[in-house]
Amino acid sequence: MSTIYREITPLTQNDCFTIFSRVKQGFDFPLHNHEEFELNFIANAAGTKRIVGDHIEVIDDLELVLVGSNLPHGWFTHECKSKEIYEITLQFHRDLFDEKFLRRNQLNFIRSLLERASKGISFSRETKEAFRPRLVQLTQKSGFDSVLELISILHDLSTSRNMRTLSNSTFTSDQINYHSRRIEKAFEYMQTYYDKNVSLADVSKVVSMPEVSFSRFIKKCTGKTFIDSLNEIRLGHASRMLIDTTETISEISYKCGFNNLSYFNRIFRKKNGCTPSEFRQNYSGVRVFI
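Keep in mind it's a predicted model, so treat the numbers as computed, not measured. Residue positions within a chain follow its written sequence, with the count starting from 1. Local features are withheld for residues below a pLDDT of 70 in this predicted model, meaning they are given only at 70 or higher, and side-chain atom pairs are given and counted only at 80 or more; totals for whole chains, interfaces and linings count all residues. By convention in this description, side-chain values take in all heavy atoms of the structure and omit both hydrogens and water.

Bringing the overall build of the chain into the picture now. Strands are runs of DSSP state E lasting at least two residues, helices are runs of H or I lasting at least four, and both sets are numbered from the N terminus onward. Secondary structure summary: the chain contains 11 helices and 12 strands in total. Our radius of gyration looks at C-alpha atoms and nothing else; its globule reference is 2.2 Å times the residue count to the power 0.38. Scaling as 2.2 N^0.38, a compact globule of 290 residues should have a C-alpha radius of gyration of about 19 Å, and the chain matches this with 19 Å. Over its C-alpha atoms, taken along the principal directions, the chain stretches across nearly 60 × 45 × 40 Å. Burial status across the chain gives 50% buried among its 290 residues. Two residues form a contact once any of their heavy atoms are found within 4.5 Å. Contacts in the chain between residues at least 24 apart in sequence constitute 76% of all its contacts with a sequence separation of at least 6. Think of it in three bands: with a 1.4 Å probe and only protein chains considered, a residue is buried below 20% of the maximum accessible area for its type, exposed above 50%, and partly exposed in between.

A few words now on the packing of helix H2 (residues 108-116) against helix H4 (residues 143-158). Angular values range over 0 to 180 degrees, each being the angle between N-to-C directions of two axes fitted as lines to C-alpha atoms, with helices fitted over their stretch in contact. Direction vectors running N to C along H2 and H4 enclose 75°, while the axes themselves pass 8 Å from each other. Judged by the angle between their axes, H2 and H4 are roughly perpendicular. When H2 is examined against H4, the residues Phe-109, Ile-110 and Leu-113 are found in contact with a partner set consisting of Ile-151, Leu-154, His-155, Leu-157 and Ser-158. By definition in this entry, angles of less than 35 degrees are roughly parallel, angles greater than 145 are roughly antiparallel, angles of 65 to 115 are roughly perpendicular, and the rest are oblique.

The disulfide definition used here is simple: a pair of cysteine sulfur atoms within 2.5 Å. Per the stated rule, a full pass over the model turns up zero disulfides. Looking at the unpaired Cys-274, the closest cysteine sulfur is the one in Cys-256, lying at 15 Å. Residue Cys-274 is classed as buried on the basis of its relative accessible area of 3%.

Another aspect to go through is H2. Residues Ile-110, Leu-113 and Leu-114 constitute the buried set of H2. For H2, the angular spread of buried residues about the axis comes to 95°, placing them on one side. On its buried face, H2 sits against strand S4 (37-43), strand S7 (62-67), strand S9 (85-92), helix H1 (99-102), strand S10 (121-122) and H4. This arc describes the spread of directions from the helix axis toward the C-beta atoms.

Where helix H3 (residues 125-138) meets H4, the axes come as close as 11 Å, and the angle between the chain directions of the two elements is 170°. Of the possible angle classes, the one that applies to H3 and H4 is roughly antiparallel. Judged by residue contacts, Thr-127, Phe-131, Arg-134, Leu-135 and Leu-138 of H3 engage Ser-146, Glu-149, Ser-152, Ile-153, Asp-156 and Leu-157 from H4. Nonpolar residues are Ala, Val, Leu, Ile, Met, Phe, Trp, Tyr, Cys and Pro. Charged residues are Asp, Glu, Lys and Arg, and all others, Gly as well, are polar. A breakdown of the residues in the contact of H3 with H4 according to their chemical character gives five nonpolar, three polar and three charged.

Counting buried residues in S7 gives six out of six residues, a clear majority hidden from the surface. The side-chain alternation of S7 yields two buried faces, one formed by Leu-62, Leu-64 and Leu-66 and the other by Glu-63, Val-65 and Val-67. Relative to S7, S4 runs antiparallel, the two sharing six bridges. Residue Asn-40 lies in a different strand from S7, and its bridge partner there is Val-65. Any two strands with at least two DSSP bridges between them are considered paired. Judged from the two bridges that link them, S7 and S10 form a sheet pairing that is antiparallel. Bridging across to S10, Leu-66 finds its partner in Ile-121.

Oppositely charged side chains may form a pair once their charged atoms are brought near each other. The working definition used for a salt bridge is a side-chain nitrogen of Lys or Arg within 4 Å of a carboxyl oxygen of Asp or Glu. Overall, the coordinates contain 24 salt bridges when judged by the stated rule. A salt bridge links Arg-6 to Glu-35; its shortest N-O distance comes to 3.7 Å. In this pair, Arg-6 sits in strand S1 (residues 5-6) while Glu-35 sits in the loop between strand S3 (32-33) and S4, placing the two residues 29 residues apart along the sequence. Look at Glu-35 and you get partly exposed, because its relative accessible area is 22%. Arg-181 serves as the salt-bridge partner of Glu-188, at 3.5 Å between the closest nitrogen and oxygen. Judged by its relative accessible area of 42%, Glu-188 is partly exposed. For Arg-181, a relative accessible area of 49% gives the class partly exposed. Taken together, the shared-partner salt bridges connect Asp-60, Asp-61, Arg-125, Lys-128 and Glu-129 into one network.

Glancing now at the sheet that holds strand S11 (residues 164-165). An order of S11-S10-S7-S4-S9-S2-S12 is seen for the seven strands of this open sheet, with the pairing classed as antiparallel. The strands lining the two open edges of the sheet, one partner per strand, are S11 and strand S12 (286-289). For strand S2 (residues 17-24) and S12, the ladder comprises four bridges, and the chain directions are antiparallel. Within the sheet, the bridge partner assigned to Thr-18 lies in S12 and is Phe-289. In this fold H3 packs onto S2, S4, S7 and S9, with an angle of close to 75° to the strand it touches most, S7.

Here you go:
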């Protein structure tokens, strides 16, 4: 299987979800994964190849798939001849619904849907047709109503008939644990000052730990080094600005704490599998952050 890139999505911690709709001529975004759940609706793209986890399939003219957190996925033009592919992509945080909230009786259908999504779910033809207008309408909504509608959509999907699980194996590793107060404090500081010159010494001081100890601590808690963690926060903000503003790539790079444009371009490509301008192009269209 080809390289799997870790996409840094444009969803910030202050958003509930984001929804994009666009018309495109093909699929050229690389195989990737991300922490957020993703619901993808595609019309008029028969012959496109879909990869979710270890499952590969050629799709027909209507597609509706829910991809779980950290599950590799991608759509590729393959034998698709259409020049007017319509796509709606909805992404929401894996912790949008609190674990305790999902354990309530009325939420258990959504809980089992999200658990099952760790292998990817494809929905029936009937479900695709029924949900198309609701997803189109969701791109027009905003605020509290849109959050209620997202919950409603997820609940109705969870009770729909004839859904299929796609991947045989699970790719999720839920080892990441941010519950340590020190780690939370470190991430809060990095989120606040990501656009400044943040050093390991600064963050270590905030959590009252020696630099060497903090360096080991963050790696143990998150599986990432301090600089990788900081860069992911910066890249998240950069992704958002690429989509939400018309600022140049060098302005965005500078505003997100990268003082070197070629370094920004290099690590952006390494994480997302595409350049910042290709990323911007992929997300062009109507977009709403809720």
